[in-house]
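Chain by chain, the residues:
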Amino acid sequence: MEITNVMEYEKLAKEKLPKMIYDYYASGAEDQWTLKENRDAFSRILFRPRILVDVSKIDMTATVLGFNVSMPIMVAPTAMQKMAHPDGEYATARASAAAGTIMTLSSWATSSVEEVASTGPGVRFFQLYVYKDRNIVTQLVKRAEKAGFKAIVLTVDTPRLGRRESDIKNRFVLPSNLTLKNFAGLNLGKLDKTDDSGLASYVAGQVDRSLSWKDVKWLQTITTLPIIVKGVLTAEDARIAVQHGVAGIIVSNHGARQLDYAPATIMALEEVVKATENRVPVFLDGGIRRGTDVFKALALGASGVFIGRPVVFSLAVDGEAGVRKTLQMLHDELELTMALSGCRSLAEITRNHVMTPWDPVPRVSSKL
């Protein structure tokens, strides 16, 4: 079967992966309302395409924290990628670099920061969970710095793990041949079998529930890397984040895996963007499956998007080549959407190019 869109990879991955592993990647929290809404919300945003614009040349390049990328589509942190494919994070790192975009490595990767750095050049960010033992956090951040990672993506929506009922039913545990490589030498690399989700038990034992805004300041004392806060959904928290000197914000509901009935990220995006008053870039993850989704996020103020599940499903099906194809398909779809909307560059994508359910009246721009 010729794959023509990223969603087809998920169907194939479901056939290929063991149930416990597929369910881990695919499922959301509790009723999975937010999981469905992350996708459905995009379908309620429509285009206002402009016509008779010379779109013979389309420029999709972007700058993210000073780094040039080929497109505003980057790779989100997804844990334990060697469950999907033996090459795991190595393949994702190589595919991201080949596509000219940024990969974010999870704290809970099955390849270490040093191993991912060894795959060759490429701009990479490191996603951080803050452990109760702050010495471990300091060591990990220093290792990421030394390995050439360019930013810390601090996940702030996980003081406890959301209730993922598939993982409970499956008694999810990391396969015995794998470890969380960033913690392997610290006796923190294994997820033990429990009467619950092995990951939920691990998080309860290791991740610091007391994490607060003061810890953003603490992180700034142990690293010179820019800090991006991932997991913001409200204007209130966006303003506090800016006050604390963050370098960027990712509007995220953790792939709908934490608090069910949190809003779809695309619904929360505009509120967060307005609250920052353009002082820091705002990115979005959650539910991106088409280039049209990327365009809608950019029109509502995002500086770029991060994709998670499309990467692990394409990795499961076809390794590095699968991830490359996913990134290429999203690139090509975004380019086509820009052309058909009359936008020659990212800067030309504006709020006037979309209509949303919350728009009070039809928009009429005075500009040609």
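Residues numbered from 1 in each chain as written. Predicted model: local features only at pLDDT ≥ 70, side-chain atom pairs only at ≥ 80, totals over all residues. Heavy atoms only, no water.

- The protein appears in an unreviewed UniProt entry as (S)-2-hydroxy-acid oxidase from Tagetes erecta.
- In its Catalytic activity (unreviewed entry) section, the UniProt record describing the protein reads: "glycolate + O2 = glyoxylate + H2O2". (UniProt positions renumbered as here; feature names shortened; annotations may be inferred.)

### Remarks on the UniProt feature "binding site: glyoxylate" (unreviewed entry) in the protein
And then number 1: Taking the numbering used here, the UniProt-annotated feature "binding site: glyoxylate" (unreviewed entry) corresponds to Y24, Y129, R164, H254 and R257.
And then number 2: A relative accessible area of 5% places Y24 in the buried class.
And then number 3: Within the element layout of this structure, H254 appears in the loop between β9 (248-251) and α11 (265-276).
And then number 4: Among the polar contacts made by the side chain of H254, one reaches the side chain of D157 at a distance of 2.9 Å. (Buried < 20%, exposed > 50% of the residue type's maximum accessible area, 1.4 Å probe, protein only. Helix = DSSP H or I, 4+ residues; strand = E, 2+ residues; numbered from the N terminus. Polar contact = N/O pair within 3.5 Å; in protein donor to acceptor, adjacent residues only side chain to side chain.)

### With respect to the side chain of T158
And then number 1: Mapped onto the fold, T158 is located in the loop between β7 (152-155) and α7 (165-170).
And then number 2: Since its relative accessible area comes to 6%, T158 is described here as buried.
And then number 3: Within polar-contact distance, the side chain of T158 engages the side chain of H254 at 3.4 Å.
And then number 4: Apart from the residues lying within four places of it in its own chain, the contact partners of T158 are Y129, V207, H254 and Q258. (Contact = heavy atoms within 4.5 Å.)

### Here we look at the nonpolar core
And then number 1: In terms of nonpolar packing, the biggest core is built from 116 residues, with W108, L128, I249, I266 and L269 touching the most fellow members.
And then number 2: Looking at which element gives the most residues to this core, the answer is helix α13 (residues 309-341), with 11 residues.
And then number 3: Filtering out sequence-adjacent residues up to four positions away, L269 remains in contact with V251, V282, L284, A297, L300 and A302. (Core = buried A, V, L, I, M, F, W, Y, C linked by side-chain atoms within 4.5 Å.)

### Here's the deal with unusual backbone geometry
And then number 1: Non-glycine residue Q32 carries a positive phi angle of around 60°.
And then number 2: Along the polypeptide, Q32 turns up in the loop between α2 (19-26) and α3 (33-43).
And then number 3: When its relative accessible area of 30% is taken as the criterion, Q32 is described as partly exposed.
And then number 4: You will see that L52, though not glycine, has its phi angle at about 55°, which is positive.
And then number 5: Position of L52 relative to the elements: it lies in the loop between β1 (46-47) and β2 (62-64).

### Some thoughts on the pairing of strand β10 (residues 282-285)
And then number 1: Neither face of β10 is exposed, since V282 and L284 on one face and F283 and D285 on the opposite face are all buried.
And then number 2: Running through α11, the crossover from β9 to the neighbouring parallel element β10 is right-handed.
And then number 3: Where β10 meets strand β11 (residues 304-307), three bridges bridge the pair, whose relative direction is parallel. Bridging from a neighbouring strand, F283 pairs with G304 of β11. (Right-handed = clockwise from strand over helix to strand, strands pointing away. Pairing = 2+ DSSP bridges.)

### Considering the pattern of salt bridges
And then number 1: The tally for this structure, following the rule as stated, stands at 17 salt bridges.
And then number 2: With its nearest N and O atoms 2.6 Å apart, the salt bridge here joins D23 to K19. Here D23 pairs with K19, and both are found in helix α2, just four residues apart, close to one helical turn.
And then number 3: A salt bridge links D215 to R134; its shortest N-O distance comes to 3.0 Å. Remark: R134 occurs in helix α6 (residues 134-146) and D215 occurs in helix α9 (residues 213-222); sequence separation between them is 81 residues.
And then number 4: A residue is classified by how much of its surface remains accessible, and D215, at 6% relative accessible area, is buried.
And then number 5: Several salt bridges converge on common partners, so that one network encompasses D87, R94, E320 and R324. (Salt bridge = Lys/Arg side-chain N within 4 Å of Asp/Glu carboxyl O.)

### Let's talk about the packing of helix α12 (residues 291-299) against α13
And then number 1: Direction vectors running N to C along α12 and α13 enclose 60°, while the axes themselves pass 7 Å from each other. Here α13 runs oblique to α12, going by the angle between their axes. Once α12 is placed against α13, the crossing between them reads as right-handed. Residue-level inspection shows G291, T292, V294, F295 and L298 of α12 in contact with α13, the latter providing L330, E333, L334, T337, M338 and S341.
And then number 2: Taken together, the residues of the contact of α12 with α13 sort by class into six nonpolar, four polar and one charged. (Axes fitted to C-alpha atoms, helices over the stretch in contact; angles between N-to-C directions. Parallel < 35°, antiparallel > 145°, perpendicular 65-115°, else oblique. Left-handed = near helix turned anticlockwise from the far one by under 90°. Nonpolar A, V, L, I, M, F, W, Y, C, P; charged D, E, K, R; others polar.)

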